[in-house]
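Listed here are the chains, written in short residue letters.
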Amino acid sequence: MPLTSPDRQEIHQGSLQELILKVRQFNPDVDGDLIEKAYTFSAKLHKGQKRSSGEPYFFHPLEVAKILAELQLDTASIVTGLLHDTVEDTVATLEEIEKEFGSEIAALVDGVTKISQITFQTSEEKQAENFRKMILAMAKDLRVILVKLADRTHNMRTLEYLAKEKQVLIAQETLDIYGPIANRLGLSQLKRELEDLALRFTKPEIYYRLVTEVAKKYKEREKYIEDVRLMIQQTLKDHGYSNGSVTGRPKHFYSIHKKMERNQLNYDQIFDVTGFRIIVDSVEQCYGALGMIHAMWTPVPGRFKDYIAIPKANFYQSLHTTVVGPAGERIEIQIRTEQMHQTAERGIAAHWAYKEGNVDPKEREKFSWLNRLVEWNQDLKDPNEFLETVKLDLFAEDVYVFTPKGKVMEFPSGATPIDFAYSIHTDVGHHCIGAKINGRIVPLKHKLKSGDTVEILTSPNQRPNKDWLKIVRTSRAKNKIRQFIKAAEFERSFQLGRMILERELKAQDVKVKNFPKESDFEPITKQFGYKSTDDLLSAIGYGKVSISKIIQKLVQKETTEEKKVEKKPIERIYEEAARKSKTRQTVKVKGIEDLLVRFARCCNPVPGDSVIGFITRGRGISVHSRKCPKVFDSDPHRLIDIEWDLSQKTERRVKVRVVCEDRPGLLADMSRVIRDQNANISNAQIGTTKDKKAVCVFSVTIRDLSHLKKIISSLEAISGVISVGRVQKGP
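The present account deals with the structure reproduced in this document. (Residues numbered from 1 in each chain as written. Predicted model: local features only at pLDDT ≥ 70, side-chain atom pairs only at ≥ 80, totals over all residues. Heavy atoms only, no water.)

Focus: helix α26 (residues 533–542)
1) Next: Burial runs high along α26: eight of the ten residues are buried.
2) Next: Taken as a whole, α26 has its buried residues at Thr-533, Leu-536, Leu-537, Ser-538, Ala-539, Ile-540, Gly-541 and Tyr-542.
3) Next: At the exit of α26 stands Gly-543, carrying a positive phi of roughly 90 degrees. (Buried < 20%, exposed > 50% of the residue type's maximum accessible area, 1.4 Å probe, protein only. Helix = DSSP H or I, 4+ residues; strand = E, 2+ residues; numbered from the N terminus.)

See the structure below:
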């Protein structure tokens, strides 16, 4: 498909040669003809298309290919970068891509296209399903996510040309999804850029304040950085490390913002905003350089980390130390080799050894965390559980501990001996009663710290319980505990359901020896929507299925008058609870009628919230928000779909927390605004903070979620109000 002259005018002259030269810097054997073919193919298909910035659309795939070239990826990845939008945004088909460029590139383009169609601004269940799709695409070929990250990076660079609402949505999605993935893959360079750009659009006032603060001291900082850099450089030279190089730079804005937020500091209170990087020839020189630095300046206790001896999960290696440098200023210093530096900047791209079409299987084995996610994708049917699992594994900080034999094991921050036990073997986890940490016996809830040596203590009489779910941090431990609890609950409910059914059959003069066989139950099982007889009996035990309805199906009546069936304990509890209910039912329970419905105080849902029901023992249906943490810890067998009954007009009470200036008349203004929104304040609690701010918590009677949002919006508009938020804990 040769390009005509007008096509070439839309593209920078020499862009193709620039791209191929960039690739040849690290891959002399690059297939330049294939890249040129993809360049020409994509340019023709995108001809006439414009981006929101007004520039030719082809600039985007070209820039994506350049980012991939900087990551030093293989030819197939570069070509995919050029073609990644052709199937979605032009007349090209996947079959055409395969015909022109082969099955490998077609599969990569297809993977990127599918990920590009995923949006994460959806309900939790939909979001979980989208995570599944992304994980599967990553597992099939990690180059897919690398191309997508390059695509997102260039989109973030040009985000200013979109409408403000879209800017915020895309930037927040970048912070929530793509930044953490870049971090997990070790792509520090992309991660820093994505986070800074996302901060610019999600919190522009904070971003530009930081830009201003940094700019104020730019000349002063520039001179300080250069002076310190020269001092370190000279010290390396004096010790014979003539090849050592030193660079210095301020930290990126997002990391400064997070530190300010985490420690509640102002910019002027953060002293270690400058970082220096030392690159030497060998591991031995890394430790030698560390000794020199500590001899020059006093190290800050507790701020040294050795990621060379114990690399991070994404293969990052470096020595980190913080010292009190010239003028008493804290400075952070990283020391590494050139190879470590390439891994730190390019992460998985540096380790993932593509040899033009062949993936080194040894490299694939290194990414066991991705394999775990794929396994959990198959094992976990509940979408919320899977979403929680992914977030635990992708976004957690790491702790490194030792087995008694000296093997290093990695866990998320906050992990406990139970997490350690399950990482050894499921049975060890099930029977764990405690641990010895550095020779000292500690309880199950003890949090592991980097450097701990852990020995697990077990007992054959120990069994997991639901409280364990509150203290474990690893996905594996949570999944194994839930599986055990589900199995135990299922067995108990199955036995109870069988007993209830036997008693009812006796009441109908059916002999126990004629207890229905599997074949007798099969039609009823299907009719009630269960896969097996065991599942149906378990549902009876839980109280999900009315025993009277089962009996009506099993026992044929000889007369038209239906024989009254004596009600058994579970039904009596539910019906009596329903009769005694003083709360008007405002939700519909799918599949069950006449049950007491009460609202959980842990999350206090209101009409409009996405809700789910939990069948309690003897207290009817407890209504929870789907975001409620207790839902994750609940037995999924007892969860039931519910929806708000919009035909009933009802009122709910919620708490609204307002942080504001402590000025006269502000309380009256807030009361007036709430009254103007036709809401009633049933209770108010007022307090002040050390920094002279007022904190007001109002109990407000509302109709639904939209009513609450209007109240919050009106309060936010009052002069002097700093923040307004809903308190999820029930009143």
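Thoughts on the packing of aromatic side chains
Centre-to-centre distance and the angle between the planes together describe a pair of aromatic rings.
1) Next: As enumerated under the stated definition, the model contains seven aromatic pairs in all.
2) Next: With centroids separated by 5.9 Å and ring planes inclined at 10 degrees, the aromatic side chains of Phe-599 and Trp-644 adopt a geometry described as stacked. Taken as a pair, Phe-599 in strand β13 (residues 597–599) and Trp-644 in strand β17 (residues 642–644) lie far apart in primary sequence, 45 residues in all. Here Phe-599 and Trp-644 have matching classes, each one buried. (Phe/Tyr/Trp six-rings, centres within 6.5 Å; stacked < 30°, edge-to-face > 60°.)

Considerations on helix α31 (residues 705–716)
1) Next: Between its terminal C-alpha atoms α31 stretches 16 Å, which fits the 16 Å expected from twelve residues at 1.5 Å a residue.
2) Next: All buried positions along α31 are accounted for by Leu-705, His-707, Leu-708, Ile-711, Ile-712, Ser-714 and Leu-715.
3) Next: Among the structural elements, β18 (652–661), α30 (666–676), β20 (693–702) and β21 (721–727) are those in contact with the buried residues of α31. (Expected span 1.5 Å × (residues − 1). Contact = heavy atoms within 4.5 Å.)

Things to note about the pattern of salt bridges
1) Next: For the coordinates displayed, the defined rule picks out 23 salt bridges.
2) Next: Measuring nitrogen to oxygen at the nearest pair gives 3.0 Å for the salt bridge that ties Asp-227 to Lys-223. Separated by four residues within a single helix, Asp-227 and Lys-223 lie in helix α14 (residues 218–238), roughly one turn from each other.
3) Next: Take Asp-227: its relative accessible area is 34%, and that puts it in the partly exposed class. (Salt bridge = Lys/Arg side-chain N within 4 Å of Asp/Glu carboxyl O.)

A word on the nonpolar core
1) Next: Counting residues in hydrophobic clusters, the biggest one holds 68 residues, and the most contacted among them are Leu-19, Ile-35, Leu-82, Leu-83 and Leu-149.
2) Next: Take this core: its biggest share by element is seven residues, from helix α10 (residues 143–157). (Core = buried A, V, L, I, M, F, W, Y, C linked by side-chain atoms within 4.5 Å.)

Focus on unusual backbone geometry
1) Next: Despite not being glycine, Ala-327 shows a phi value in the positive range, around 65 degrees.
2) Next: Inspection of the secondary structure assignment puts Ala-327 in the loop between β5 (319–324) and β6 (330–337).
3) Next: Judged by relative accessible area, Ala-327 falls into the exposed class, the value being 79%.
4) Next: Its identity is not glycine, yet Lys-692 carries a phi of approximately 65 degrees, on the positive side.

Things to note about the environment of Pro-605
1) Next: On the secondary structure map, Pro-605 appears in the loop between β13 and β14 (611–615).
2) Next: Setting aside its immediate chain neighbours within four residues, Pro-605 contacts Phe-599, Ala-600, Val-611, Val-623, His-624, Ser-625, Trp-644, Arg-652 and Arg-726.

Focus on the sheet that holds strand β11 (residues 454–458)
The pairing of strands in a sheet comes from backbone hydrogen bonds and takes either a parallel or an antiparallel form.
1) Next: Here we have three strands laid out as an open sheet, ordered β10-β9-β11, and antiparallel in their pairing. Bordering the open sheet on either side are β10 (440–442) and β11, each of which pairs with just one other strand. Adjacent strand axes in the sheet meet at a mean angle of 30 degrees when their direction is disregarded.
2) Next: Pairing of strand β9 (residues 432–437) with β11, which is carried by five bridges, proceeds in the antiparallel orientation. The partner of Lys-436 across the bridge, within β11, is Glu-455.
3) Next: In the packing of helix α22 (residues 417–424) onto the sheet, the strands contacted are β9, β10 and β11, and the crossing angle to β11 comes to about 85 degrees. (Pairing = 2+ DSSP bridges. Axes fitted to C-alpha atoms, helices over the stretch in contact; angles between N-to-C directions.)

So yeah, pure geometry; function would need other evidence.
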